[in-house]
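A look at the structure
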Amino acid sequence: MNSENVVMDKPRDTGREAVRVSVPPDLWEQNQKLTDELKQLIEKHRLFRHPVIGLLDTEELNKDVTRILHMEFAYAFAQIFTDSLVHAMAATTDLERRLGPQGKVAARFLLQLNLLDELGFAPSEKATGDYWGNPRLAHYYQFAETLVLLGAKTSDIFEYKPSAAARAARKTFTDYYTDYAALTCVLAVAETVFSLFAGPWARSTGRSTGIDVSKGYHAIHVEDDHGHFVDDEHSEDSWFIFRQALTPDRYEEFRTKTAQWLDIWNDFGDNIIHIARTKTKK
């Protein structure tokens, strides 16, 4: 591409296109079929309509229980999600020998759109000639602030003893920090699943604690007034990135891994219900 005629104002579209054209068309088509199959696997899994969604939508939990649920989620997902994106960004070097410099750069560019949101950047609301963002808007920073509002200390994140279910959920990410294709797959699956729980969890937190969930962490992942989730964009970006990393020799492996990850996260949801039921009764 002539660098003098590049499009600058549609980074998501141009990023996805750069990822797509880095892969031979016949392989991209085959990989698309596999990712469509994985999406169907997700939609048919119990996790897609897990009963914890109903619990969060209908029942009032006390502040102590809500804090414990947040600590479980912190260990299982929140603490390491941005880390996982950073590891994926570094691991794109695995692509260069197979797809060339353009393939590696295209993947990093598209990953960066998700990472920018995670780190507290946003589209500028006015022409300043500078980037628009603040570390206080980083998702994990805001999650930590929510823990404080729930009565936890920052150090509690490190001292908390997570359940076996939370430890297993965390390993679905951390076990693949050196396996780029697997890490991009689990990120795509997670981005597809998480938005199902974000809205009910936000409403439950507000109802159960009085915390203003119209701002902060619980305002990030919920749908806007037009029924749109920012995670919808990140989810599709992640599938593009995974399709680029995917090779046919690993198709069966990722069918198996996706089913395993969904089962592990389903167990995490079951454990959240168990905690909510047993702790509320005390």
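Residues numbered from 1 in each chain as written. Predicted model: local features only at pLDDT ≥ 70, side-chain atom pairs only at ≥ 80, totals over all residues. Heavy atoms only, no water.

Before going further, it helps to examine the nonpolar core. In terms of nonpolar packing, the biggest core is built from 78 residues, with F173, Y180, V189 and W265 touching the most fellow members. Residue contributions to this core peak at 15 residues, all from helix α9 (residues 180–209). Look past the residues within four positions of V189 in its chain and what remains in contact with it is I42, W239, T258, W261, L262 and W265. (Core = buried A, V, L, I, M, F, W, Y, C linked by side-chain atoms within 4.5 Å. Buried < 20%, exposed > 50% of the residue type's maximum accessible area, 1.4 Å probe, protein only. Helix = DSSP H or I, 4+ residues; strand = E, 2+ residues; numbered from the N terminus. Contact = heavy atoms within 4.5 Å.)

Now for the side chain of T247. The residue T247 is located in the loop between α10 (230–245) and α11 (251–281) in this model. Since its relative accessible area comes to 18%, T247 is described here as buried. Here D249 takes part through its side chain, which lies 2.6 Å from a polar atom of the side chain of T247. (Polar contact = N/O pair within 3.5 Å; in protein donor to acceptor, adjacent residues only side chain to side chain.)

Given a rise of 1.5 Å per residue, 29 residues ought to cover 42 Å, and the 40 Å separating the end C-alpha atoms of helix α4 (residues 63–91) matches this to within 8%. Of all the bends in α4, the greatest measures close to 60 degrees and is centred on A74. (Expected span 1.5 Å × (residues − 1). Bend = angle between axes of the 7 residues up to and from the residue.)

Side-chain pairs of opposite charge can arise whenever the charged atoms involved come near each other. Evaluation of the coordinates by the stated rule reveals 20 salt bridges. A salt bridge links R20 to E17; its shortest N-O distance comes to 2.6 Å. Of this pair, R20 and E17 both sit in helix α1 (residues 11–21), separated by 3 residues, roughly a single helical turn. Take R20: its relative accessible area is 33%, and that puts it in the partly exposed class. Close ionic contact of R67 with D64 constitutes a salt bridge, the shortest N to O distance being 3.1 Å. One end of the pair is R67 and the other is D64, both in helix α4 and 3 residues apart, which spans about a single turn. For R67, a relative accessible area of 23% corresponds to the partly exposed category. (Salt bridge = Lys/Arg side-chain N within 4 Å of Asp/Glu carboxyl O.)

Attention now moves to the environment of D94. If you trace the backbone, D94 turns up in helix α5 (residues 93–119). When its relative accessible area of 47% is taken as the criterion, D94 is described as partly exposed. Separated by 10 residues in the primary sequence, D94 and K104 place their C-alpha atoms 8.0 Å from one another.

The next subject is helix α6 (residues 139–149). Listed as buried for α6 are H139, Q142, F143, T146 and L147. For α6, the angular spread of the buried residues around the axis is 150 degrees, confining them to a single face. The inward-facing, buried residues of α6 contact α4, α5, α7 (156–159) and α9. Positive backbone phi, at 100 degrees, marks G151, one or two positions downstream of α6. (Arc of directions from axis to C-beta.)

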